[in-house]
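Now for the letters of each chain:
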Amino acid sequence: MNQFFRVSAIVMASFLGFIACSDDDEVTPEEQLTPYEETLQLITNNSSKDWRLVKVLENSVDETEECVLDNIYTFKSDLTWIKDINETPCWDEEENATYTFDISEDGSQMLEIDDTPYDLENLTETTMEFHYKYFTDDEPDSVSVEVHFETIN
């Protein structure tokens, strides 16, 4: 009889251990972010997030101008961004102008003026890299541009 209670206790403990280990941390569909929301969160931190430009490549050639490296780009969750021009303006720029952006529904692109798509190549909590192409009158082929940002700590 004593062995019966011991076996029953082991079976009951195993059963309770099995059901207690169910995956309670599953995200319900209501809690899952859409690709749009996830991208917006990474870019703006659900409020605002400061970024600095670290590199601009045109057709794989580094074209980063030294004067842009001290600017601060603040992206906000209301789909606006501000370029804070610091010590050295590169050209005649509007000081601390506010611009708008949008994000594609699938979260893969930022959309800028005239809905020009900027493909988000790499987007993490600390890096944002996007790519776009443009054409010029003196270039027979399109110019491919990569822009690399890092968050400001």
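Structure first, text after, so check above.
A brief report on the enclosed structure follows.

Definitions and limits used
- Residues numbered from 1 in each chain as written.
- Predicted model: local features only at pLDDT ≥ 70, side-chain atom pairs only at ≥ 80, totals over all residues.
- Heavy atoms only, no water.
- 1 Å grid on protein atoms, 1.4 Å probe; cavity = no way out; pocket = protein on both sides within 12 Å on 5 of 7 lines; lining within 4 Å.
- Points joined across faces, edges and corners; volume = space filled by probe spheres on them.
- Helix = DSSP H or I, 4+ residues; strand = E, 2+ residues; numbered from the N terminus.
- Nonpolar A, V, L, I, M, F, W, Y, C, P; charged D, E, K, R; others polar.
- Salt bridge = Lys/Arg side-chain N within 4 Å of Asp/Glu carboxyl O.
- Buried < 20%, exposed > 50% of the residue type's maximum accessible area, 1.4 Å probe, protein only.
- Core = buried A, V, L, I, M, F, W, Y, C linked by side-chain atoms within 4.5 Å.
- Contact = heavy atoms within 4.5 Å.

1. A closer look at the layout of surface pockets
Reported here for the largest pocket is a volume of approximately 730 Å³. Looking at the largest pocket, it is lined by 24 residues, and the ones nearest its centre are Leu 53, Val 56, Tyr 73, Tyr 132 and Val 147. Where the lining of the largest pocket is concerned, the elements lending two or more residues are strand 1 (48-58), strand 3 (72-76), strand 4 (80-84), strand 9 (127-134) and strand 10 (143-151). Here the residues of the lining of the largest pocket sort into 16 nonpolar, 2 polar and 6 charged.

2. With respect to the pattern of salt bridges
In the structure shown here, the tally under the stated rule is 2 salt bridges. Taking the shortest distance from any N to any O, the salt bridge between Glu 125 and Lys 49 comes out at 3.8 Å. Here the residue Glu 125 occupies a position in the loop between strand 8 (117-123) and strand 9, and Lys 49 occupies one in strand 1, the gap between them amounting to 76 residues. Exposure remark for Glu 125: the relative accessible area of 48% places this residue in the partly exposed category.

3. Remarks on the nonpolar core
Core analysis: the largest hydrophobic core is formed by 22 residues, its most contacted members being Tyr 73, Phe 75, Phe 101, Met 110, Met 128, Phe 130 and Phe 149. Every element with two or more residues in this core is listed here: helix 2 (35-44), strand 1, strand 3, strand 8, strand 9 and strand 10. Examining the composition of this core, we find that 4 residues originate from one element, strand 10, more than from any other. Aside from chain neighbours lying at most four places away, what touches Met 110 is Ile 43, Phe 75, Phe 101, Asp 102, Thr 116, Pro 117, Tyr 118, Leu 120, Met 128 and Phe 130.

4. A closer look at helix 2
Among all positions of helix 2, only Thr 39, Leu 40, Leu 42, Ile 43 and Thr 44 are buried. Contacts made by the buried residues of helix 2 are with strand 1, strand 3, strand 6 (102-103), strand 7 (109-111), strand 8 and strand 9. Following helix 2 by one or two positions, Asn 45 adopts a phi angle in the positive range, close to 60°.

5. Focus on the environment of Ser 48
Within the secondary structure, Ser 48 sits in strand 1. Considering only alpha carbons, one finds Ser 48 and Leu 79, 31 residues apart in sequence, at a separation of 9.7 Å. In contact with Ser 48, not counting residues within four places along its chain, are Thr 74, Phe 75 and Lys 76.

6. Let's talk about the environment of Glu 150
Position of Glu 150 among the secondary structure elements: in strand 10. Through-space distance from the C-alpha of Glu 150 to that of Glu 129 is 8.7 Å; in sequence the pair is 21 residues apart. Setting aside anything within four residues of it in sequence, one finds Glu 150 in contact with Asp 50, Trp 51, Arg 52, Val 54 and Thr 126.

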